[in-house]
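Each chain, letter by letter, is given below.
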Amino acid sequence: MAEQLHLLAGGFQTAFSLYHVALMVAGVLLGILVGVLPGLGAPNGVTLLLPLTFTMTPVSAIILLSSMYWGALFGGSTTSILFNIPGEPSSVATTFDGHPMARKGDAARALATAFLSAGFGALAGVMVVTLVANTIADFALKFSPAEYFAVYLLTFCSYAGMSGGRPLKTIAALLVGLILAGVGTDTVSGEMRLTYGSDLLVGGVSFLAAVVGLFGIGELLVTVEEGLAFQGLHARMSWRVIWQTMKEMPGHGWALLRSTLIGCWMGITPGGPTAASFMSYGVAKRFSKRRANFGQGEPEGVVAPEAADHSAGVSALLPMLALGVPGSATAAVMMGGLMIWGLQPGPMLFVDQPDFVWGLIASMYMANVVAIVLVLATIPLFASILRAPFAIIGPIIVVVCLIGAYTIAGKMFDVWLALGFGVVGYVFKKLDYPIAPLILAMVLGDKTEDAFRQSMLLSNGSLGIFYANGLVGTLVTVALLLLAWSFVGPLLKKRAAAPEEPCATA
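Criteria and cut-off values
Residues numbered from 1 in each chain as written. Predicted model: local features only at pLDDT ≥ 70, side-chain atom pairs only at ≥ 80, totals over all residues. Heavy atoms only, no water. Helix = DSSP H or I, 4+ residues; strand = E, 2+ residues; numbered from the N terminus. Buried < 20%, exposed > 50% of the residue type's maximum accessible area, 1.4 Å probe, protein only. Contact = heavy atoms within 4.5 Å. Areas by Shrake-Rupley, 256 points an atom, 1.4 Å probe, with all protein chains shown as cover. Salt bridge = Lys/Arg side-chain N within 4 Å of Asp/Glu carboxyl O. Patch = residues over 30% accessible without salt bridge, like charges linked within 9 Å, V, L, I, M, F, W, Y side chains within 5 Å.

Visitor: Lay out the overall build of the chain with the relevant residues and their values.
Guide: Looking only at helices and strands, the chain features 21 helices and two strands. Within the chain, buried positions represent 56% of all 506 residues. Residue pairs in contact within the chain that sit at least 24 positions apart in sequence constitute 78% of those at least 6 positions apart. About 21300 Å² of surface is accessible on the chain, with carbon and sulfur atoms providing 68% of the total.

This is the structure we're talking about:
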(Lines give C-alpha, C1' and ligand atoms only; values in the text may rest on other atoms or scores of the structure.)
Protein backbone atom coordinates (compact mmCIF):
# COMPACT_ATOMS: atom_id res chain seq x y z
CA MET A 1 0.00 0.00 0.00
CA ALA A 2 2.80 2.41 0.93
CA GLU A 3 4.55 1.62 -2.35
CA GLN A 4 1.40 2.41 -4.36
CA LEU A 5 0.97 5.73 -2.55
CA HIS A 6 4.59 6.63 -3.22
CA LEU A 7 4.24 5.79 -6.93
CA LEU A 8 0.95 7.70 -7.09
CA ALA A 9 2.60 10.78 -5.55
CA GLY A 10 5.22 10.59 -8.30
CA GLY A 11 2.42 10.29 -10.82
CA PHE A 12 0.79 13.47 -9.52
CA GLN A 13 4.12 15.28 -9.92
CA THR A 14 4.11 14.17 -13.56
CA ALA A 15 0.45 14.96 -14.26
CA PHE A 16 0.05 18.15 -12.23
CA SER A 17 1.53 20.74 -14.58
CA LEU A 18 -0.11 23.63 -16.39
CA TYR A 19 0.40 21.90 -19.75
CA HIS A 20 -1.20 18.65 -18.63
CA VAL A 21 -4.11 20.37 -16.89
CA ALA A 22 -4.72 22.32 -20.12
CA LEU A 23 -4.70 19.01 -22.02
CA MET A 24 -7.26 17.62 -19.56
CA VAL A 25 -9.57 20.59 -20.07
CA ALA A 26 -9.22 20.39 -23.88
CA GLY A 27 -9.70 16.62 -23.87
CA VAL A 28 -12.79 16.75 -21.66
CA LEU A 29 -14.41 19.50 -23.77
CA LEU A 30 -13.71 17.59 -26.99
CA GLY A 31 -15.00 14.43 -25.33
CA ILE A 32 -18.27 16.06 -24.27
CA LEU A 33 -18.73 17.24 -27.87
CA VAL A 34 -17.98 13.74 -29.18
CA GLY A 35 -20.42 12.21 -26.69
CA VAL A 36 -23.14 14.70 -27.57
CA LEU A 37 -22.90 14.27 -31.36
CA PRO A 38 -24.59 11.06 -32.56
CA GLY A 39 -22.48 8.94 -34.88
CA LEU A 40 -19.19 9.63 -33.12
CA GLY A 41 -18.76 8.16 -29.63
CA ALA A 42 -15.70 7.63 -27.46
CA PRO A 43 -13.87 4.98 -29.58
CA ASN A 44 -14.17 7.04 -32.75
CA GLY A 45 -13.34 10.31 -30.98
CA VAL A 46 -10.17 8.83 -29.49
CA THR A 47 -9.25 7.41 -32.91
CA LEU A 48 -9.68 10.77 -34.66
CA LEU A 49 -7.53 12.48 -32.03
CA LEU A 50 -4.82 9.81 -32.07
CA PRO A 51 -2.83 11.13 -35.09
CA LEU A 52 -2.47 14.52 -33.34
CA THR A 53 -0.68 12.83 -30.43
CA PHE A 54 2.19 11.39 -32.47
CA THR A 55 4.34 14.46 -31.78
CA MET A 56 3.58 14.44 -28.03
CA THR A 57 5.29 12.52 -25.26
CA PRO A 58 3.38 9.30 -24.41
CA VAL A 59 2.30 10.69 -21.00
CA SER A 60 0.82 13.86 -22.53
CA ALA A 61 -0.82 11.85 -25.32
CA ILE A 62 -2.51 9.34 -23.01
CA ILE A 63 -3.72 12.15 -20.70
CA LEU A 64 -5.37 13.89 -23.67
CA LEU A 65 -6.98 10.68 -24.97
CA SER A 66 -8.19 9.44 -21.58
CA SER A 67 -9.63 12.90 -20.78
CA MET A 68 -11.56 12.76 -24.04
CA TYR A 69 -12.86 9.36 -23.00
CA TRP A 70 -14.20 10.66 -19.67
CA GLY A 71 -15.76 13.69 -21.41
CA ALA A 72 -17.48 11.45 -23.97
CA LEU A 73 -19.06 9.34 -21.23
CA PHE A 74 -20.49 12.51 -19.62
CA GLY A 75 -21.65 13.86 -23.00
CA GLY A 76 -23.57 10.66 -23.70
CA SER A 77 -25.47 11.11 -20.43
CA THR A 78 -26.45 14.68 -21.39
CA THR A 79 -28.15 13.64 -24.64
CA SER A 80 -29.78 10.63 -22.97
CA ILE A 81 -31.53 12.84 -20.42
CA LEU A 82 -32.36 15.93 -22.49
CA PHE A 83 -33.01 14.36 -25.91
CA ASN A 84 -33.71 10.68 -25.16
CA ILE A 85 -30.83 9.95 -27.58
CA PRO A 86 -27.92 7.99 -26.07
CA GLY A 87 -24.69 9.59 -27.27
CA GLU A 88 -22.89 6.42 -26.14
CA PRO A 89 -24.18 2.81 -26.17
CA SER A 90 -23.44 2.66 -22.45
CA SER A 91 -25.83 5.59 -21.88
CA VAL A 92 -28.91 3.74 -23.16
CA ALA A 93 -29.98 2.64 -19.66
CA THR A 94 -29.82 6.28 -18.48
CA THR A 95 -32.66 7.16 -20.86
CA PHE A 96 -35.07 4.84 -19.02
CA ASP A 97 -35.53 7.20 -16.06
CA GLY A 98 -33.37 10.22 -16.98
CA HIS A 99 -35.60 11.45 -19.81
CA PRO A 100 -38.87 10.90 -17.89
CA MET A 101 -37.37 13.01 -15.07
CA ALA A 102 -36.56 15.75 -17.59
CA ARG A 103 -40.07 15.62 -19.07
CA LYS A 104 -41.51 16.14 -15.59
CA GLY A 105 -39.51 19.37 -15.25
CA ASP A 106 -36.60 17.88 -13.28
CA ALA A 107 -34.03 18.04 -16.07
CA ALA A 108 -31.44 19.90 -13.96
CA ARG A 109 -31.90 17.49 -11.06
CA ALA A 110 -31.62 14.49 -13.41
CA LEU A 111 -28.39 15.82 -14.92
CA ALA A 112 -26.90 16.64 -11.52
CA THR A 113 -27.82 13.15 -10.26
CA ALA A 114 -26.22 11.57 -13.32
CA PHE A 115 -22.98 13.54 -13.12
CA LEU A 116 -22.51 13.16 -9.37
CA SER A 117 -23.15 9.40 -9.60
CA ALA A 118 -20.79 9.17 -12.57
CA GLY A 119 -18.11 11.08 -10.69
CA PHE A 120 -18.43 8.77 -7.68
CA GLY A 121 -18.21 5.68 -9.90
CA ALA A 122 -15.24 7.01 -11.85
CA LEU A 123 -13.22 7.97 -8.76
CA ALA A 124 -13.98 4.61 -7.16
CA GLY A 125 -12.80 2.92 -10.34
CA VAL A 126 -9.53 4.87 -10.25
CA MET A 127 -9.01 3.80 -6.63
CA VAL A 128 -9.43 0.16 -7.67
CA VAL A 129 -6.87 0.66 -10.45
CA THR A 130 -4.48 2.32 -7.97
CA LEU A 131 -4.70 -0.48 -5.41
CA VAL A 132 -4.71 -3.48 -7.75
CA ALA A 133 -2.58 -2.47 -10.76
CA ASN A 134 0.85 -3.29 -9.32
CA THR A 135 -0.32 -6.62 -7.86
CA ILE A 136 -1.75 -7.77 -11.20
CA ALA A 137 1.36 -6.60 -13.06
CA ASP A 138 3.71 -8.43 -10.65
CA PHE A 139 1.62 -11.58 -10.97
CA ALA A 140 1.57 -11.34 -14.79
CA LEU A 141 5.38 -11.14 -14.91
CA LYS A 142 5.37 -14.88 -14.16
CA PHE A 143 3.30 -15.65 -17.28
CA SER A 144 4.65 -17.84 -20.08
CA PRO A 145 3.19 -17.87 -23.64
CA ALA A 146 0.67 -20.52 -22.54
CA GLU A 147 -0.69 -18.29 -19.75
CA TYR A 148 -0.94 -15.34 -22.10
CA PHE A 149 -2.86 -17.41 -24.65
CA ALA A 150 -5.19 -18.58 -21.86
CA VAL A 151 -5.85 -14.96 -20.84
CA TYR A 152 -6.63 -13.99 -24.46
CA LEU A 153 -8.87 -17.03 -24.86
CA LEU A 154 -10.69 -16.11 -21.63
CA THR A 155 -11.17 -12.58 -22.98
CA PHE A 156 -12.74 -13.81 -26.21
CA CYS A 157 -14.94 -16.40 -24.47
CA SER A 158 -16.04 -13.81 -21.90
CA TYR A 159 -17.40 -11.64 -24.69
CA ALA A 160 -19.48 -14.56 -25.91
CA GLY A 161 -20.55 -15.67 -22.43
CA MET A 162 -21.19 -12.30 -20.76
CA SER A 163 -22.31 -10.02 -23.58
CA GLY A 164 -25.98 -10.90 -23.15
CA GLY A 165 -26.48 -11.07 -26.92
CA ARG A 166 -26.58 -14.00 -29.31
CA PRO A 167 -23.34 -15.96 -28.87
CA LEU A 168 -23.08 -17.06 -32.50
CA LYS A 169 -23.14 -13.44 -33.64
CA THR A 170 -20.46 -12.51 -31.09
CA ILE A 171 -18.30 -15.43 -32.22
CA ALA A 172 -18.81 -14.45 -35.87
CA ALA A 173 -17.68 -10.88 -35.10
CA LEU A 174 -14.61 -12.24 -33.26
CA LEU A 175 -13.71 -14.48 -36.21
CA VAL A 176 -13.99 -11.57 -38.66
CA GLY A 177 -11.66 -9.55 -36.43
CA LEU A 178 -9.16 -12.43 -36.21
CA ILE A 179 -9.14 -12.80 -40.00
CA LEU A 180 -8.50 -9.08 -40.43
CA ALA A 181 -5.70 -9.27 -37.83
CA GLY A 182 -4.06 -11.99 -39.95
CA VAL A 183 -3.74 -9.78 -43.04
CA GLY A 184 -0.17 -8.71 -43.86
CA THR A 185 3.18 -10.08 -42.70
CA ASP A 186 3.24 -13.26 -40.61
CA THR A 187 5.22 -12.29 -37.52
CA VAL A 188 6.63 -15.81 -37.10
CA SER A 189 7.50 -16.93 -40.66
CA GLY A 190 7.75 -13.50 -42.34
CA GLU A 191 5.49 -14.59 -45.21
CA MET A 192 2.68 -12.50 -46.71
CA ARG A 193 -0.89 -13.53 -45.85
CA LEU A 194 -4.22 -12.50 -47.37
CA THR A 195 -2.67 -9.58 -49.29
CA TYR A 196 -3.77 -10.91 -52.72
CA GLY A 197 -0.62 -9.49 -54.27
CA SER A 198 -1.35 -5.91 -53.14
CA ASP A 199 1.43 -3.84 -51.61
CA LEU A 200 -1.24 -1.76 -49.82
CA LEU A 201 -2.03 -4.65 -47.47
CA VAL A 202 1.55 -5.65 -46.62
CA GLY A 203 1.35 -3.66 -43.37
CA GLY A 204 -2.04 -5.17 -42.56
CA VAL A 205 -5.49 -3.62 -42.30
CA SER A 206 -5.31 -0.22 -40.59
CA PHE A 207 -6.90 -0.69 -37.20
CA LEU A 208 -7.60 3.05 -36.85
CA ALA A 209 -9.26 3.29 -40.29
CA ALA A 210 -11.43 0.32 -39.32
CA VAL A 211 -12.54 2.02 -36.08
CA VAL A 212 -13.32 5.30 -37.88
CA GLY A 213 -15.51 3.43 -40.35
CA LEU A 214 -17.21 1.04 -37.95
CA PHE A 215 -18.01 3.52 -35.18
CA GLY A 216 -18.18 6.81 -37.09
CA ILE A 217 -19.54 6.33 -40.58
CA GLY A 218 -21.48 3.16 -39.75
CA GLU A 219 -23.32 4.80 -36.85
CA LEU A 220 -24.01 7.85 -38.99
CA LEU A 221 -25.58 5.76 -41.76
CA VAL A 222 -27.95 4.19 -39.22
CA THR A 223 -28.75 7.65 -37.83
CA VAL A 224 -29.55 9.02 -41.31
CA GLU A 225 -31.78 6.06 -42.10
CA GLU A 226 -33.75 6.56 -38.88
CA GLY A 227 -34.35 10.20 -39.81
CA LEU A 228 -33.26 11.39 -36.41
CA ALA A 229 -34.75 14.70 -35.37
CA PHE A 230 -33.47 16.40 -32.25
CA GLN A 231 -36.21 17.72 -30.02
CA GLY A 232 -34.60 18.22 -26.68
CA LEU A 233 -35.62 19.70 -23.36
CA HIS A 234 -33.93 22.74 -21.86
CA ALA A 235 -32.00 22.55 -18.61
CA ARG A 236 -30.67 25.47 -16.63
CA MET A 237 -28.20 24.34 -14.00
CA SER A 238 -27.80 26.22 -10.74
CA TRP A 239 -25.57 25.61 -7.75
CA ARG A 240 -28.69 25.41 -5.60
CA VAL A 241 -29.95 22.40 -7.59
CA ILE A 242 -26.50 20.79 -7.50
CA TRP A 243 -26.23 21.28 -3.75
CA GLN A 244 -29.73 19.92 -3.17
CA THR A 245 -28.92 16.88 -5.31
CA MET A 246 -25.68 16.31 -3.39
CA LYS A 247 -27.65 16.20 -0.15
CA GLU A 248 -29.94 13.54 -1.68
CA MET A 249 -27.06 11.27 -2.81
CA PRO A 250 -26.48 9.53 0.60
CA GLY A 251 -30.06 8.24 0.29
CA HIS A 252 -28.89 6.29 -2.78
CA GLY A 253 -25.79 5.00 -0.98
CA TRP A 254 -26.47 1.29 -1.44
CA ALA A 255 -27.33 1.74 -5.11
CA LEU A 256 -24.14 3.76 -5.63
CA LEU A 257 -21.93 1.20 -3.91
CA ARG A 258 -23.55 -1.82 -5.55
CA SER A 259 -23.49 -0.25 -9.02
CA THR A 260 -19.85 0.81 -8.63
CA LEU A 261 -18.84 -2.74 -7.67
CA ILE A 262 -20.72 -4.13 -10.68
CA GLY A 263 -19.05 -1.56 -12.92
CA CYS A 264 -15.54 -2.31 -11.63
CA TRP A 265 -16.06 -6.04 -12.12
CA MET A 266 -17.48 -5.66 -15.64
CA GLY A 267 -14.68 -3.25 -16.56
CA ILE A 268 -11.88 -5.56 -15.39
CA THR A 269 -13.54 -8.53 -17.12
CA PRO A 270 -14.44 -7.89 -20.77
CA GLY A 271 -18.10 -7.13 -20.02
CA GLY A 272 -17.56 -3.40 -20.64
CA PRO A 273 -19.50 -0.26 -19.66
CA THR A 274 -22.62 -1.04 -21.73
CA ALA A 275 -23.22 -4.43 -20.11
CA ALA A 276 -22.39 -2.92 -16.70
CA SER A 277 -24.97 -0.13 -17.02
CA PHE A 278 -27.77 -2.51 -18.06
CA MET A 279 -26.90 -5.06 -15.38
CA SER A 280 -26.72 -2.37 -12.70
CA TYR A 281 -30.07 -0.90 -13.74
CA GLY A 282 -31.70 -4.33 -13.60
CA VAL A 283 -30.22 -5.12 -10.16
CA ALA A 284 -31.24 -1.69 -8.81
CA LYS A 285 -34.80 -2.19 -10.01
CA ARG A 286 -34.91 -5.66 -8.48
CA PHE A 287 -33.80 -4.53 -5.00
CA SER A 288 -35.25 -1.01 -4.82
CA LYS A 289 -38.13 -0.20 -2.47
CA ARG A 290 -39.42 2.14 -5.20
CA ARG A 291 -39.24 -0.37 -8.05
CA ALA A 292 -42.74 0.59 -9.21
CA ASN A 293 -41.41 4.08 -10.07
CA PHE A 294 -38.67 2.77 -12.38
CA GLY A 295 -39.26 3.91 -15.93
CA GLN A 296 -41.30 6.89 -14.76
CA GLY A 297 -38.50 9.19 -13.57
CA GLU A 298 -36.97 7.44 -10.54
CA PRO A 299 -33.62 9.06 -9.54
CA GLU A 300 -32.21 5.68 -8.49
CA GLY A 301 -32.76 4.57 -12.10
CA VAL A 302 -30.27 7.28 -13.11
CA VAL A 303 -27.82 6.68 -10.25
CA ALA A 304 -27.35 2.97 -10.98
CA PRO A 305 -26.41 2.98 -14.70
CA GLU A 306 -24.28 6.12 -14.42
CA ALA A 307 -22.17 4.87 -11.50
CA ALA A 308 -21.69 1.49 -13.21
CA ASP A 309 -20.96 3.01 -16.61
CA HIS A 310 -18.16 5.26 -15.40
CA SER A 311 -16.60 2.83 -12.93
CA ALA A 312 -16.50 0.22 -15.72
CA GLY A 313 -15.03 2.74 -18.18
CA VAL A 314 -12.19 3.54 -15.79
CA SER A 315 -11.59 -0.06 -14.68
CA ALA A 316 -11.37 -1.21 -18.31
CA LEU A 317 -7.95 0.45 -18.52
CA LEU A 318 -6.55 -1.83 -15.78
CA PRO A 319 -6.36 -5.09 -17.80
CA MET A 320 -5.14 -3.08 -20.80
CA LEU A 321 -2.19 -1.67 -18.85
CA ALA A 322 -1.35 -4.69 -16.68
CA LEU A 323 -2.10 -7.60 -19.05
CA GLY A 324 -2.29 -6.07 -22.52
CA VAL A 325 -5.98 -7.06 -22.71
CA PRO A 326 -8.38 -4.13 -23.33
CA GLY A 327 -11.61 -4.23 -21.34
CA SER A 328 -13.63 -2.06 -23.77
CA ALA A 329 -13.59 -0.82 -27.37
CA THR A 330 -12.11 2.53 -26.31
CA ALA A 331 -9.43 0.79 -24.26
CA ALA A 332 -8.62 -1.24 -27.39
CA VAL A 333 -8.11 1.98 -29.37
CA MET A 334 -5.88 3.37 -26.60
CA MET A 335 -3.90 0.15 -26.64
CA GLY A 336 -3.34 0.62 -30.36
CA GLY A 337 -2.06 4.11 -29.54
CA LEU A 338 0.41 2.72 -26.98
CA MET A 339 1.85 0.40 -29.60
CA ILE A 340 2.18 3.26 -32.11
CA TRP A 341 4.08 5.29 -29.48
CA GLY A 342 6.47 2.35 -29.04
CA LEU A 343 5.09 1.17 -25.69
CA GLN A 344 4.17 -2.47 -25.09
CA PRO A 345 1.08 -2.88 -22.87
CA GLY A 346 1.52 -5.56 -20.24
CA PRO A 347 3.31 -6.16 -16.95
CA MET A 348 6.71 -4.94 -18.23
CA LEU A 349 5.13 -1.52 -18.82
CA PHE A 350 5.05 -1.06 -15.02
CA VAL A 351 8.74 -1.93 -14.82
CA ASP A 352 10.03 -0.05 -17.88
CA GLN A 353 7.70 2.98 -17.86
CA PRO A 354 6.52 3.65 -14.28
CA ASP A 355 6.32 7.42 -14.91
CA PHE A 356 3.93 6.79 -17.79
CA VAL A 357 1.68 4.35 -15.89
CA TRP A 358 1.42 6.34 -12.67
CA GLY A 359 1.20 9.67 -14.50
CA LEU A 360 -1.85 8.25 -16.29
CA ILE A 361 -3.43 6.95 -13.07
CA ALA A 362 -2.88 10.30 -11.31
CA SER A 363 -4.37 12.15 -14.30
CA MET A 364 -7.47 9.95 -14.05
CA TYR A 365 -8.21 11.38 -10.59
CA MET A 366 -7.72 14.94 -11.80
CA ALA A 367 -9.43 14.61 -15.18
CA ASN A 368 -12.63 13.14 -13.74
CA VAL A 369 -12.95 16.05 -11.29
CA VAL A 370 -12.31 18.47 -14.18
CA ALA A 371 -14.95 16.61 -16.23
CA ILE A 372 -17.64 16.96 -13.54
CA VAL A 373 -17.03 20.72 -13.18
CA LEU A 374 -16.90 21.36 -16.94
CA VAL A 375 -19.92 19.29 -17.82
CA LEU A 376 -22.05 21.03 -15.19
CA ALA A 377 -20.92 24.42 -16.54
CA THR A 378 -21.33 23.68 -20.26
CA ILE A 379 -24.60 21.73 -20.48
CA PRO A 380 -26.57 24.60 -22.15
CA LEU A 381 -23.81 25.13 -24.74
CA PHE A 382 -23.54 21.50 -25.83
CA ALA A 383 -27.30 20.96 -25.71
CA SER A 384 -27.74 23.92 -28.09
CA ILE A 385 -25.37 22.27 -30.61
CA LEU A 386 -27.80 19.39 -30.95
CA ARG A 387 -30.56 21.81 -31.88
CA ALA A 388 -28.74 22.57 -35.14
CA PRO A 389 -30.25 20.74 -38.16
CA PHE A 390 -28.83 17.27 -38.66
CA ALA A 391 -28.35 18.16 -42.34
CA ILE A 392 -25.52 20.41 -41.10
CA ILE A 393 -24.14 18.20 -38.31
CA GLY A 394 -24.13 14.97 -40.36
CA PRO A 395 -21.83 16.09 -43.22
CA ILE A 396 -19.45 17.74 -40.73
CA ILE A 397 -19.10 14.41 -38.89
CA VAL A 398 -18.40 12.57 -42.18
CA VAL A 399 -15.72 15.09 -43.17
CA VAL A 400 -14.07 14.86 -39.72
CA CYS A 401 -14.07 11.04 -39.93
CA LEU A 402 -12.53 10.95 -43.41
CA ILE A 403 -9.89 13.55 -42.52
CA GLY A 404 -9.05 11.44 -39.46
CA ALA A 405 -8.71 8.32 -41.63
CA TYR A 406 -6.39 10.12 -44.06
CA THR A 407 -4.14 11.61 -41.38
CA ILE A 408 -3.37 8.15 -39.95
CA ALA A 409 -0.75 7.46 -42.64
CA GLY A 410 -1.42 10.04 -45.36
CA LYS A 411 -2.83 7.39 -47.71
CA MET A 412 -6.07 7.58 -49.71
CA PHE A 413 -6.32 3.80 -49.32
CA ASP A 414 -7.17 4.32 -45.64
CA VAL A 415 -10.01 6.66 -46.63
CA TRP A 416 -11.50 4.00 -48.91
CA LEU A 417 -10.91 1.45 -46.17
CA ALA A 418 -12.81 3.63 -43.67
CA LEU A 419 -15.71 3.97 -46.12
CA GLY A 420 -15.74 0.20 -46.63
CA PHE A 421 -15.77 -0.42 -42.90
CA GLY A 422 -18.55 2.17 -42.62
CA VAL A 423 -20.73 -0.09 -44.77
CA VAL A 424 -19.67 -3.10 -42.67
CA GLY A 425 -20.58 -1.19 -39.50
CA TYR A 426 -23.99 -0.30 -40.95
CA VAL A 427 -24.67 -3.94 -41.89
CA PHE A 428 -23.54 -5.11 -38.43
CA LYS A 429 -25.90 -2.63 -36.78
CA LYS A 430 -28.85 -3.61 -38.96
CA LEU A 431 -28.28 -7.33 -38.40
CA ASP A 432 -27.61 -6.79 -34.68
CA TYR A 433 -24.00 -8.02 -34.75
CA PRO A 434 -21.74 -6.55 -32.03
CA ILE A 435 -18.84 -4.39 -33.21
CA ALA A 436 -16.75 -4.36 -30.01
CA PRO A 437 -15.67 -8.06 -30.32
CA LEU A 438 -14.47 -7.39 -33.88
CA ILE A 439 -12.32 -4.49 -32.67
CA LEU A 440 -11.00 -6.54 -29.75
CA ALA A 441 -10.02 -9.40 -32.08
CA MET A 442 -8.22 -7.00 -34.44
CA VAL A 443 -6.14 -5.69 -31.54
CA LEU A 444 -5.42 -9.03 -29.87
CA GLY A 445 -5.34 -11.26 -32.96
CA ASP A 446 -1.57 -11.07 -33.54
CA LYS A 447 -0.78 -11.44 -29.84
CA THR A 448 -3.09 -14.45 -29.50
CA GLU A 449 -1.62 -16.18 -32.54
CA ASP A 450 1.96 -15.52 -31.41
CA ALA A 451 1.25 -16.83 -27.89
CA PHE A 452 -0.40 -19.97 -29.29
CA ARG A 453 2.38 -20.73 -31.77
CA GLN A 454 5.09 -20.10 -29.18
CA SER A 455 3.27 -22.47 -26.81
CA MET A 456 3.15 -25.13 -29.53
CA LEU A 457 6.88 -24.71 -30.20
CA LEU A 458 7.66 -25.08 -26.49
CA SER A 459 5.53 -28.24 -26.19
CA ASN A 460 6.43 -29.83 -29.57
CA GLY A 461 2.85 -29.40 -30.72
CA SER A 462 1.13 -30.82 -27.63
CA LEU A 463 -2.06 -29.10 -26.41
CA GLY A 464 -1.29 -30.49 -22.99
CA ILE A 465 0.77 -27.36 -22.29
CA PHE A 466 -2.52 -25.55 -21.64
CA TYR A 467 -3.07 -27.83 -18.62
CA ALA A 468 0.59 -27.99 -17.56
CA ASN A 469 -0.07 -26.09 -14.30
CA GLY A 470 -2.99 -25.00 -12.16
CA LEU A 471 -3.08 -21.39 -13.38
CA VAL A 472 -3.19 -21.99 -17.12
CA GLY A 473 -5.49 -24.99 -16.66
CA THR A 474 -7.94 -22.94 -14.60
CA LEU A 475 -7.96 -20.06 -17.10
CA VAL A 476 -8.60 -22.36 -20.06
CA THR A 477 -11.30 -24.30 -18.19
CA VAL A 478 -13.12 -21.09 -17.14
CA ALA A 479 -12.90 -19.82 -20.73
CA LEU A 480 -14.43 -23.02 -22.14
CA LEU A 481 -17.15 -23.02 -19.44
CA LEU A 482 -18.06 -19.42 -20.31
CA LEU A 483 -18.24 -20.34 -23.99
CA ALA A 484 -20.44 -23.34 -23.20
CA TRP A 485 -22.66 -21.24 -20.90
CA SER A 486 -23.33 -18.76 -23.71
CA PHE A 487 -25.23 -21.57 -25.47
CA VAL A 488 -26.58 -23.54 -22.50
CA GLY A 489 -27.78 -20.53 -20.45
CA PRO A 490 -30.44 -19.31 -22.94
CA LEU A 491 -31.72 -22.91 -23.37
CA LEU A 492 -32.14 -23.32 -19.61
CA LYS A 493 -34.00 -20.00 -19.40
CA LYS A 494 -36.37 -21.08 -22.18
CA ARG A 495 -36.94 -24.40 -20.47
CA ALA A 496 -37.68 -22.69 -17.14
CA ALA A 497 -40.13 -20.28 -18.81
CA ALA A 498 -41.92 -22.99 -20.83
CA PRO A 499 -44.38 -24.15 -18.08
CA GLU A 500 -45.50 -20.55 -17.57
CA GLU A 501 -46.55 -20.06 -21.19
CA PRO A 502 -49.89 -22.00 -21.03
CA CYS A 503 -50.86 -19.97 -17.96
CA ALA A 504 -50.06 -16.75 -19.75
CA THR A 505 -52.21 -17.67 -22.73
CA ALA A 506 -55.10 -18.97 -20.69
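Visitor: Just give me the short version of the pattern of salt bridges, but keep the residues and values in it.
Guide: Enumeration according to the criterion identifies three salt bridges in this entry. The shortest N-O distance in the salt bridge between glutamate 248 and arginine 109 comes to 3.2 Å. Placement of glutamate 248 in helix α9 (residues 239–248) and of arginine 109 in helix α5 (residues 92–140) is noted, with a sequence separation of 139 residues between them. The partner of glutamate 449 in a salt bridge is arginine 193, with the nearest N and O atoms 2.7 Å apart. Here glutamate 449 is found in helix α19 (residues 436–458), whereas its partner arginine 193 is found in strand β2 (residues 192–193), with 256 residues between them in sequence. By relative accessible area, which is 22% here, glutamate 449 ends up partly exposed. One salt-bridge network, in which partners are shared between bridges, spans Arg193, Glu449 and Arg453.

Visitor: Give me the lowdown on the environment of serine 315, citing residues and values where you can.
Guide: Relative to the elements of secondary structure, serine 315 occurs in helix α12 (residues 300–315). Each C-alpha atom of the pair serine 315 and alanine 331 lies 9.9 Å from the other, and the pair is 16 residues apart in sequence. Beyond its immediate chain neighbours, meaning those up to four positions away, serine 315 contacts Gly125, Val129, Cys264, Gly267 and Ile268.

Visitor: Break down a nonpolar patch on the surface for me, with residues and values.
Guide: Residues Leu168, Trp485, Phe487, Val488 and Leu492 make up a contiguous nonpolar surface patch of about 490 Å² in total accessible area. Among the elements that make up the nonpolar patch, the one with the highest residue count is helix α20 (residues 470–497) (four residues). Summarising the element assignment, leucine 168 is placed in helix α7 (residues 167–181).

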